[in-house]
Amino acid sequence: MTKSIIKNFNTLKGQVIVPADKSISHRAIIFSSLAKGKSIIKNFSDGQDPRSTLNLFKELGVDIDLRNDSTVIINSNGILLPPTEELDCGNSGTTMRLTSGVLARQEFESVLVGDQSLSKRPMKRIIEPLTLMGADISATENYTAPLTIKGQKLHGIEYYNKNASAQVKSCILLAGLDAEGKTTITEPYLSRNHTEIMLQHMGANIKVNGCCVEIEKSELSPIDIEICGDISSAAYFIAAALTIPNSDIILKNVGLNPTRTGILDILNKMGADIKILDKKQICSEEVGTLEIKYSHLNGCEISGEIIPRLIDEIPIIAVIATQANGTTLIKDAQDLRAKESDRITTVVTELKKLGADIKETPDGMIINGGKQLIGNCEVETYHDHRLAMSLYVAGLICQKEISINHFEWVNISFPTFEELFESIKV
Ligand code: S3P
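For every chain, the first residue of the written sequence is number 1, and numbering continues from 1 onward in sequence order. Local features in this predicted model are restricted to residues whose pLDDT is 70 or higher, and side-chain atom pairs enter the listing and the counts only when it is 80 or higher, whereas totals over whole chains, interfaces and linings include all residues. Side-chain descriptors were evaluated using all non-hydrogen atoms of the structure, hydrogens and water having been removed beforehand.

## Focus: the overall build of the protein
In this description a helix means any DSSP run of H or I spanning at least four residues, a strand means any run of E spanning at least two, and both kinds are numbered starting from the N terminus. Across its full length, the protein holds 13 helices and 25 strands. C-alpha atoms define the radius of gyration in this analysis, and the globule rule sets the expected value at 2.2 Å times the number of residues to the power 0.38. Taking 426 residues into account, the globule formula puts the C-alpha radius of gyration at 22 Å, and the protein, at 21 Å, falls close to it. Working definition: with a 1.4 Å probe on protein chains only, accessible area under 20% of the residue-type maximum means buried, over 50% means exposed, and in between means partly exposed. Counting over 426 residues, the protein shows a buried share of 58%. In this description, contact between two residues means that some pair of their heavy atoms is separated by no more than 4.5 Å. Long-range contacts, defined as pairs at least 24 residues apart, comprise 75% of the intrachain contacts of the protein with a sequence gap of at least 6. Accessible surface, the protein: about 15900 Å² in total, of which carbon and sulfur atoms supply 46%. Positive charges come from Lys and Arg alone, negative charges from Asp and Glu alone, with His and the N- and C-terminal ends not counted. By convention, the point assigned to a charge is CZ for Arg, NZ for Lys, CD for Glu and CG for Asp. Seen as two clouds, the 44 positive and the 54 negative side-chain charges of the protein have centres 3 Å apart. In these tables, accessible area is a Shrake-Rupley quantity obtained with a 1.4 Å probe, and a residue counts as shielded only by the protein chains included in the view.

Here it is in structure tokens:
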């Protein structure tokens, strides 16, 4: 589907209830499937990625009922059954990497497959530690999917992952849940910690000490959880309100887990007018309401420990940076090249087409901001939902119309994206 974007409104005003967090939705399905008893998951994400996880665990014999009101009821005896077919992870790296940690310790063989984009993404990062734990996994010679996993008895390891990654950490912890002895995973910087929070909530034998997490064999209790809104989805509304003159919007139910709020810290440094109006905890996750007003922004440097805390927001931060005065330098973000697309190359290529002054570096990009984007061109989405949404926001600040090819990739994480944007255009 090609989407034409033109600024046919004055400004953004009003309120948006941010849809459910994708990362937490995946984890809620996986962990509840492993728990004995009935779990209730309210406000489950309607994105295709979490749906891939849900369907996959159904294939593994778990009784999962997704209701019309976005509640999921899971009745499990904690035992998975051998699948009758290949397990399809779709476009979702989280599905493939987290599920591998579970399948590595089952008494059966399974094969994980993905779409064209996922089939190119690196799996060595999980194959290596799982193999050290005793797993039997074969992949292509480039360590990509399909992954054939012959379930084995596993043993604990002490693992240092030099590139902070919540997917790798979660995969190892899921394997460690049923391995002999202790499993520890340490990272240089803290990556998102939804796995640790939920496993603690479900009674797992897990200890967190800074960037080190330790887990031992555990039985999980079922959960009754309400999933908060996704700050990674909120980011597009934040970006649009900050860059479209006179905007003033309220975002409700935004997940504010500190391992995810790097974007707010950076925007604060750039001079953004963002207020947190209230904050509370829901199921051990912080949630709040944000008010965002149009702001004059300055460029800044984004590097080091903050990168894992805003990794998925870099494409939209690049769009914001085109409107900030001065230079924004993004460094230490080489893992962007291993996302749904090579997000360094794809973001730079597409924003350049719109008239941005942006350059690619091996581990990030340099953006000279403060220039009006022109548009008047077609842009591509490269099977990447975050690129589709970032280009939509860029389209709203362009002088002329743009056409986004294959805009349907937005459905991977945020099917109601456009509808919600329409509701605040005045
Ligand atoms: C995710 C972790 C991040 C992120 C991805 C979701 C998760 O990946 O980019 O969109 O839910 O654990 P990495 O762990 O590979 O950085």
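From this point, things continue past the structure.
## Observations regarding empty space enclosed by the protein
Points on a 1 Å grid, built from protein atoms alone, make a cavity when a 1.4 Å probe fits but cannot get out and make a pocket when they are open with protein on both sides within 12 Å along at least 5 of 7 lines; residues with an atom within 4 Å of a point are the lining residues. Grid points are joined across faces, edges and corners, and a volume is the space filled by probe spheres set on the points. Scanning the model with the defined rule gives two cavities of 30 Å³ or more in all. Estimates place the volume of the largest cavity at around 60 Å³. For the lining of the largest cavity, the leading source of residues is helix α6 (residues 194–201), giving four residues. A breakdown of the residues in the lining of the largest cavity according to their chemical character gives six nonpolar, two polar and one charged. What the second largest cavity holds in volume is close to 30 Å³. Surrounding the second largest cavity, Asp 21, Ile 24, His 194, Cys 228, Gly 229, Ile 231, Gly 255, Leu 256, Asn 257, Arg 260 and Glu 285 form its lining. Residue polarity is assigned by list, with Asp, Glu, Lys and Arg as charged and Ala, Val, Leu, Ile, Met, Phe, Trp, Tyr, Cys and Pro as nonpolar; anything else, Gly included, falls into the polar class. The residue inventory of the lining of the second largest cavity, partitioned by class, reads four nonpolar, four polar and three charged.

## As for the packing of aromatic side chains
A ring pair, where both rings are aromatic, is described by two values, the distance of the centres and the angle of the planes. Aromatic pairing here means that ring centres of Phe, Tyr or Trp (its six-membered ring) are within 6.5 Å. Orientation follows from the plane angle: under 30 degrees is stacked, over 60 is edge-to-face, and everything else is tilted. In total, this model carries ten aromatic pairs according to the counting rule given. On the basis of an interplanar angle of 15° and a centroid distance of 4.2 Å, the ring pair of Phe 237 and Phe 421 is categorised as stacked. Here Phe 237 is found in helix α7 (residues 231–243), whereas its partner Phe 421 is found in helix α13 (residues 417–422), with 184 residues between them in sequence. For the pair Phe 237 and Phe 421, one class covers both residues: buried. An angle of 50° between the planes, with centres 5.2 Å apart, marks the rings of Tyr 392 and Phe 421 as tilted. Of this pair, Tyr 392 sits in helix α12 (residues 385–397) while Phe 421 sits in helix α13; the two residues are 29 residues apart in sequence, bridging distant segments of the chain. Among the aromatic side chains, those forming a connected cluster through ring pairs are Tyr 236, Phe 237, Tyr 392, Phe 407, Phe 414, Phe 417 and Phe 421.

## Here's the deal with the site of the ligand
The environment of the ligand is made up of Ser 23, Arg 27, Thr 94, Ser 165, Ala 166, Gln 167, Arg 192, Ile 311, Asp 312 and Lys 339. Two N or O atoms count as a polar contact when they lie within 3.5 Å, although within protein this holds only if one can serve as hydrogen donor and the other as acceptor, and sequence-adjacent residues are included solely when both atoms are side-chain atoms. In this structure, an oxygen atom belonging to the ligand sits 2.7 Å away from a side-chain N or O atom of Ser 23. When isolated, the ligand has an accessible area of 390 Å², and the protein chains bury 94% of it. The pocket occupied by the ligand, as judged from atoms lying within 2 Å of grid points, is the largest pocket. At the level of secondary structure, the elements contributing two or more residues to the shell around the ligand comprise α1 (22–34) and α5 (166–176). By residue class, the composition of the shell around the ligand is two nonpolar, four polar and four charged. Residues are counted as near a molecule or strand when any one of their heavy atoms sits within 4 Å of it. To qualify as sitting in a cavity or pocket, a molecule needs more than half of its atoms within 2 Å of the grid points.

## What to know about the sheet that holds strand β4 (residues 63–66)
A sheet is described by the order of its strands in space; here four strands give the open sequence β4-β5-β3-β16, paired in mixed fashion. This sheet does not close on itself; its edge strands, each paired only once, are β4 and β16 (224–226). Pairs of neighbouring strands in the sheet enclose a mean axial angle of 10°, with direction left out of account. Strands pair, by our definition, only if DSSP identifies at least two bridges between them. The pairing of strand β3 (residues 36–42) with β16 spans three bridges and is parallel. Directly across from Lys 42, in β16, lies its bridge partner Glu 226. The angle between two axes is taken between their N-to-C directions and runs from 0 to 180 degrees, where each axis is a line fitted to C-alpha atoms and a helix contributes only its stretch in contact. This element, α1, spans β3, β4, β5 (72–77) and β16 of the sheet and lies at about 30° to β5.

## Re the nonpolar core
Side chains of a nonpolar character, in soluble globular proteins, are inclined to be buried together. Throughout this description, the term nonpolar core refers to a set of buried Ala, Val, Leu, Ile, Met, Phe, Trp, Tyr and Cys residues connected via side-chain atoms within 4.5 Å. In terms of nonpolar packing, the biggest core is built from 77 residues, with Leu 251, Leu 351, Met 365 and Phe 421 touching the most fellow members. For this core, the leading source of residues is α7, giving ten residues. Grouped together as the second largest cluster of nonpolar side chains are 65 residues, Ile 74, Leu 130, Cys 171 and Leu 173 included.

## A few points about the packing of helix α10 (residues 314–322) against helix α11 (residues 343–353)
Between α10 and α11, the least distance of the axes is 10 Å, while the angle of their chain directions is 35°. With respect to the hand of their crossing, α10 and α11 are arranged in right-handed fashion. Contacts from Pro 315, Ala 318, Val 319 and Thr 322 of α10 reach α11 at Arg 343, Val 347 and Leu 351. Class assignment for the residues of the contact of α10 with α11 results in five nonpolar, one polar and one charged. With the far helix as reference, a near helix turned anticlockwise by less than a right angle produces a left-handed crossing, and one turned clockwise produces a right-handed crossing.

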